[in-house]
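Architecture at a glance
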Amino acid sequence: MTLPIVAALGIVLGWYLVVNYEAALRAGTSTAFGTAQLEIARTLARSAEDFARDKSGLLSVQAIEAGIRERFTAPVRLFGGGAWLFSPGRSDCGRDSLLPWCPGGESDGNAAGDPVAAPGDEDAAAGMERLLAAVSSGREGMGRFFFPVGNRQELIAWTPVSVDGASLVVGVTTSFPDVLEATGVVRQSRNAMVMVGLMTIGGLGLIIVSTKNIVSRRRAEIELERANAELEERVARRTEELQARTRALMESRMRERLREKEAEIAFQAGLVESAGTYLHTTGNSLTALEGLFLKMRRILDAAARADQAFADARDAVAQALGREESPAAESLAALETALLGRAVPRLAETLTEMGELKTRMIAELDGRRVLFDASRSERRFTQAVDLGELLREMADEAHEELAGRGLGLEVGDVSRLVAQTSKRKLLLGLSRCLAMIREAARPGRAGEVRLFAGHGEDGRVRVVMRASGAAFVGADPGRDDPGLLSFINFLNENHGMFGIVHDAEGFSVEVELCDSPAGA
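The structure presented is a predicted model; accordingly, all values stated were derived computationally and were not measured. (Residues numbered from 1 in each chain as written. Predicted model: local features only at pLDDT ≥ 70, side-chain atom pairs only at ≥ 80, totals over all residues. Heavy atoms only, no water.)

Observations concerning the overall build of the chain
- Tallying secondary structure elements over the chain gives 12 helices and 13 strands in all.
- Burial statistics for the chain: of 520 residues in total, 37% are counted as buried.
- A fraction of 70% describes how many contacts in the chain between residues 6 or more apart in sequence connect residues 24 or more apart.
- Roughly 30000 Å² of accessible area belongs to the chain as shown, and the carbon and sulfur atoms make up 56% of that amount. (Helix = DSSP H or I, 4+ residues; strand = E, 2+ residues; numbered from the N terminus. Buried < 20%, exposed > 50% of the residue type's maximum accessible area, 1.4 Å probe, protein only. Contact = heavy atoms within 4.5 Å. Areas by Shrake-Rupley, 256 points an atom, 1.4 Å probe, with all protein chains shown as cover.)

Shown next as structure tokens:
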């Protein structure tokens, strides 16, 4: 759309420049040639005055006027005009037919810029009177005058002449169209008009072609948008059909797996319970040991920053007592030596030794697990657990305690979601997770806990406890509860997952169950 607009503006600007250029040429030519005419009139006036002075006393005024006409004005001819002599009050067109107001082609007119009037019109007579008044005033002048009869424009210049006390006027008249033709203004104007006319024709053609292209492109865009909309509709419809078939297939496979597992529950229960006792106990011990390591590392981190604290304390004692050496400073130095020089290095050594012990215990645990996995059956003890029923049962038990702390509890719709796992361990573990959320809530602030479950991206069952609201923003739930640590060990040993995800509204506890977790 930009190209047609630019072309139209170019056409308008071209014609505007041409019109202004022609007007400027005409005005400049009129001024320049009028000035030349005035110089000619002045030259004729000086010659006439010299002639009058020479003949003064020898000839009459009428004879002198006739001599001036014959010698000076009659021979002058300029572009359809010439020179003339005017005697105010006694003009004779028979003697000088070049006078602008004389009949025979020279009709009344008005100065350039005055309204053009038909012959005999009052405005035309008024314009002629102004010309006569200007010529008869005794002052020189020049101007461009328009005569309606014959549609003539003439350039007229005049200057006064004194002949034996009589005031005469010598003037020069030329045809303005002839002047324009002789100076090339007409040719330049014609060439400019032709050039702009050709540019106009080309611009109009460009506008027409561009408009057709724009219309065609817009129609193509509309057709493309319609085709895209139809394609998106077909894709959405087929996607919905595929999702429905996928859900039906997953439900069918789940029901088949449930029927296969129900027959093996009794046989696997005793075997898995006895064989996994050692693994659970050792795993719980390692989890507790990891918590102790964390506390000791925090102590060592704090001790690493104690150097500056002792330095600040020594400065404070020196400033308070006004001297650096004192019993208090010696006691402070002894405490620093005992703590940072002996206790902290021993604690670091002890932590290193305990880390080596933990490494050996983990190696022992892995060896036992390998033996246990090799000796146990590939089929594990599981039972079908309705997660909807399990979450509702757990929510009913915890509702009063949460309400007492100003916390709301909501259970999402997880009907017909069944997991193959140990119901007892899952119920105890999820209850400890809910208790951890309750203990992490900030007192006196509102919050909401929502329980829901579903399938993850890999198809495994995932239980999510979402804690949101002011009570949980910035909260740091602790994991020191032995029951919670035992549940985490149970998930780790059976390839499950446990995690806490923080965000701006609180945090979420996520538990992903394994395909076939071991029983208790």
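Quick notes on the nonpolar core
- If you look at the biggest cluster of nonpolar residues, it comprises 43 residues, and the most contacted ones within it are Leu 430 and Phe 498.
- Elements supplying a minimum of two residues to this core: helix H10 (387–404), strand E8 (407–411), helix H11 (423–440), strand E10 (447–455), strand E11 (461–468), helix H12 (482–493), strand E12 (497–503) and strand E13 (506–512).
- In terms of residues, this core owes the most to one element, H11, which gives 8 residues.
- In contact with Phe 498, not counting residues within four places along its chain, are Cys 433, Met 436, Arg 479, Leu 484, Ile 488, Leu 491, Val 509, Glu 510 and Val 511.
- Ala 45, Ala 52, Val 163 and Leu 168 belong to the second largest nonpolar core, which has 18 residues in total. (Core = buried A, V, L, I, M, F, W, Y, C linked by side-chain atoms within 4.5 Å.)

So, helix H5 (residues 185–262)
- Compared with the 116 Å implied by 1.5 Å per residue over 78 residues, the 112 Å span of H5 between its first and last C-alpha is a close match.
- Regarding H5, the residues found buried are Val 185, Ser 189, Ala 192, Val 196, Gly 197, Thr 200, Gly 203, Ile 207, Ser 210, Ile 214, Leu 258 and Lys 261. (Expected span 1.5 Å × (residues − 1).)

Some remarks on the pattern of salt bridges
- Inspection of every chain in the model, using the stated rule, returns 15 salt bridges.
- The partner of Glu 512 in a salt bridge is Arg 460, with the nearest N and O atoms 3.8 Å apart. With Glu 512 in strand E13 and Arg 460 in the loop between E10 and E11, this pair connects stretches of sequence that are 52 residues apart.
- You can call Glu 512 buried: its relative accessible area is 5%.
- Residue class for Arg 460 comes out buried when judged on its relative accessible area of 18%.
- When salt bridges with common partners are traced through the structure, they connect Glu 401, Arg 405, Arg 438 and Glu 439 into a single cluster. (Salt bridge = Lys/Arg side-chain N within 4 Å of Asp/Glu carboxyl O.)

Description of the packing of aromatic side chains
- In this structure the tally under the stated criterion is 3 aromatic pairs.
- Look at Phe 51 and Phe 72: their rings are 5.9 Å apart centre to centre, the planes differ by 70°, and that puts the pair in the edge-to-face class. Of this pair, Phe 51 sits in helix H1 (residues 2–55) while Phe 72 sits in helix H2 (residues 61–73), and the two are 21 residues apart along the sequence.
- When the ring of Phe 472 is compared with that of Phe 507, the centres are 5.8 Å apart and the planes differ by 85°; the resulting orientation is edge-to-face. One end of the pair, Phe 472, is in the loop between E11 and H12; the other, Phe 507, is in strand E13, and 35 residues separate them in sequence. The pair formed by Phe 472 and Phe 507 is uniform in burial state, with each residue classed as buried.
- If you follow Arg 144 out to its NZ or CZ, it ends over the ring of Phe 176, 4.7 Å from the centre. (Phe/Tyr/Trp six-rings, centres within 6.5 Å; stacked < 30°, edge-to-face > 60°. Lys NZ or Arg CZ within 6 Å of the ring centre and 35° of its normal.)

Notes on the packing of H1 against H5
- Here H1 crosses H5 at 170°, and the two axes come no closer than 8 Å. For the element pair H1 / H5, the angle class is roughly antiparallel. (Axes fitted to C-alpha atoms, helices over the stretch in contact; angles between N-to-C directions. Parallel < 35°, antiparallel > 145°, perpendicular 65-115°, else oblique.)

Considering the environment of Leu 347
- Along the chain, Leu 347 turns up in helix H9 (residues 327–375).
- Separated by 47 residues in sequence, Leu 347 and Leu 300 place their C-alpha atoms 8.0 Å apart.
- When neighbours within four sequence positions are excluded, Leu 347 is seen to be in contact with Met 296, Ile 299 and Leu 300.

Observations concerning H11
- Taking 1.5 Å of rise per residue, the 18 residues of H11 would be expected to cover 26 Å, and the 26 Å separating its terminal C-alpha atoms lies within 8% of that figure.
- Every buried residue of H11 is listed here: Lys 425, Leu 426, Leu 427, Gly 429, Leu 430, Cys 433, Leu 434, Ala 435, Met 436, Ile 437, Arg 438 and Ala 440.

Focus on the sheet that holds E11
- Taken together, 5 strands build an open sheet; the order of strands is E8-E10-E11-E13-E12 and the sheet is mixed. One side of each edge strand has no neighbouring strand; the edge strands of this open sheet are E8 and E12. The sheet shows a mean angle of 15° between the axes of neighbouring strands, taken without regard to direction.
- Bridge count between E10 and E11: 8 bridges; the pairing is antiparallel. Paired with Glu 448 across the two strands is Ser 468, which belongs to E11.
- In this fold H12 packs onto E12 and E13, with an angle of close to 115° to the strand it touches most, E12. (Pairing = 2+ DSSP bridges.)

Here we look at the pairing of E12
- Two elements, E12 and E13, share 7 bridges in a ladder whose sense is antiparallel. Across the sheet, the residue bridging to Ile 500 is Val 509, located in E13.
- Here E12 folds back onto E13 in antiparallel fashion, the turn holding 2 residues.

Digging into a negative patch on the surface
- Among the surface-exposed residues, Asp 312, Asp 315, Glu 324, Glu 325 and Glu 330 lie close enough to one another that they form a single negatively charged patch.
- Relative to the helices and strands, Asp 312 is located in helix H8 (residues 306–321). (Patch = residues over 30% accessible without salt bridge, like charges linked within 9 Å, V, L, I, M, F, W, Y side chains within 5 Å. Lys, Arg positive; Asp, Glu negative; His and termini not counted. Charge placed at Lys NZ, Arg CZ, Asp CG, Glu CD.)

Note that all results are geometric; they support no functional claim without further evidence.
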